[in-house]
Amino acid sequence: MNNQPTKVTLSFDNGNAPIELPVLAGTLGNSVIDIRSLGQHGIFTYDPGFMSTAACNSNITFIDGEKGLLFHRGYPIEQLAEHCDYLEVAYLLMHGDLPNAAEKQRFTKKITGSTMLHDQLNNIFRGYRRDAHPMAVMVGVVGSLSAFYFNNMEILDPRHREISAHRLLAKVPTIAAWSYKYISGQPFMYPQNHLSYAENFMYMMFATPCEEYVPNPILAKAFERILILHADHEQNASTSTVRLVGSSGANPFACISAGIASLWGPAHGGANEATLNMLEEIGDASRIGEFINRAKDKTDSFRLMGFGHRVYRNMDPRAAIMRKTCHEVLDALGLNNDPLFKLAMMLEKIALEDEYFVSRRLYPNVDFYSGIVMRAMGIPNTMFTAVFALARTAGWVAQWSEMHADPQSKIGRPRQLYTGSQAREFLPLDQR
Ligand code: SDX
């Protein structure tokens, strides 16, 4: 955009002197008005939900909501999903470029060699009820890593940040898989270093000590793609949570635990589980209209899960890739008549032709199809967000590290519009 202004002037209707504010341009996308000096004039801006607020500058991910574009370090998600494995994308997010063969081998070996947990961590799982939600277990166990790994914690030291990032990338899948095993009452299966990242997770999830388990290569490739599609997504709620918690200097394990907690919400990463539950509740094409009407009814809190997005006003590019992956996995498994997939395709078609959704530019997002793929792979609904969390760990650690490398970064401390009581005198109990 070549005709961007370089400054804006705030003028006031009460005779106060106008204030000039610089406009900062990025490499791509919206410019921003730099309002940092406004506090000196006793003025705050007001933007609940940060609909129009850039909280930081970042080189990692770019989203164009109008055009439905998603780049990681400049590479379109479609190319990364087609040609990379997840650890290559994790390396890209963390280091700014794709690894060459030697870098890829070293990085993969480092992560693979760190997948085991400290053996005492096993006891922490046993403190949970067997019917706990896996995300509740993950929040707790990931947070407790700081009770076991407290060396190399100088977060302003890039090498220390890299060590923590490696530990998290390596151990979160083990914690996710063991959360499932614990709740299922099955024994933990230890990571196998000869397997790929996706194969290892599938092994730890589905293998038992009683028989040999060989991951299905088609499902492993589809799972790698699911991980890539969920790896990072600019300043979404959970990433902003990780940055805000990290801005106080909190240890990386506590930051990622907070990110997992934020992701769990049904408006965010919990939507994949909620979408599957919704499709199962709809059950049959004859009931689609009933649910579409509920989604449009302002007196009903129900929203069409897997639809809409704060940024995308077009198709979420990840949803299109996920739909294609759905076809591939269901074909490979001979499930192409899967009733839920057919129902999802019909629901998508009807919603995309409905004026309510069209006028509000509500399109399927990444969560609309991901649950169908994971369910076809045998992953239970309650584990969908845990998979999202293990995938997003790459983005969270990259964004957390970028924040600490930024000399401009400060502790996050937003202000407010106060609408409470005026100052008043205390009244003793017998006068109230
Ligand atoms: C993720 O931020 C990210 O990048 C997130 C994510 C990532 O990778 O990190 O992409 C992952 O979280 C994807 C989103 C998953 N969530 C869902 O699928 C849940 C269902 N979607 C909605 O809850 C909603 O669309 C949000 C939360 C995703 C976005 O909400 P916004 O931006 O706050 O939009 P809004 O609530 O202001 O909605 C605008 C209008 C409203 O109607 P009006 O007031 O104009 O009449 O659209 C309506 C909303 O009621 N609307 C929906 C709807 N989503 C928005 N109506 C029915 N069903 C929906 N799903």
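Basis of the calculations
- Residues numbered from 1 in each chain as written.
- Predicted model: local features only at pLDDT ≥ 70, side-chain atom pairs only at ≥ 80, totals over all residues.
- Heavy atoms only, no water.
- Near = heavy atom within 4 Å.
- Polar contact = N/O pair within 3.5 Å; in protein donor to acceptor, adjacent residues only side chain to side chain.
- Areas by Shrake-Rupley, 256 points an atom, 1.4 Å probe, with all protein chains shown as cover.
- Nonpolar A, V, L, I, M, F, W, Y, C, P; charged D, E, K, R; others polar.
- Helix = DSSP H or I, 4+ residues; strand = E, 2+ residues; numbered from the N terminus.
- Expected span 1.5 Å × (residues − 1).
- Bend = angle between axes of the 7 residues up to and from the residue.
- Pairing = 2+ DSSP bridges.

## Re the site of the ligand
Now for step 1: Around the ligand, 24 residues are found, and the nearest of them are His 233, His 309, Arg 310, Arg 318 and Arg 392.
Now for step 2: Take Arg 318: an N or O atom from its side chain is 2.7 Å from an oxygen atom of the ligand.
Now for step 3: Calculation on the ligand without its partners gives an accessible area of 1,000 Å², and the protein chains cover 78% of this total.
Now for step 4: Each residue belonging to the shell around the ligand can be placed in one class, and the counts come to 10 nonpolar, 7 polar and 7 charged.

## Looking at the environment of Ala 254
Now for step 1: Considering the arrangement of structural elements, one finds Ala 254 in helix H10 (residues 252–263).
Now for step 2: A C-alpha to C-alpha distance of 4.9 Å links Ala 254 and Gly 143, two positions 111 residues apart in sequence.

## Describing helix H17 (residues 384–405)
Now for step 1: For H17, spanning 22 residues, the distance from its first C-alpha to its last is 32 Å, which sits close to the expected 32 Å at 1.5 Å a residue.
Now for step 2: The largest bend in H17 amounts to roughly 40 degrees and is located at Arg 392.

## Things to note about the sheet that holds strand S4 (residues 61–64)
The pairing of strands in a sheet comes from backbone hydrogen bonds and takes either a parallel or an antiparallel form.
Now for step 1: Here we have 3 strands laid out as an open sheet, ordered S4-S5-S6, and antiparallel in their pairing. The sheet is open, and its two borders are formed by S4 and strand S6 (75–76), each paired with just one other strand.
Now for step 2: Both strand S5 (residues 69–72) and S6 contribute to a ladder of 2 bridges, which runs antiparallel. Paired with Phe 71 across the two strands is Pro 76, which belongs to S6.

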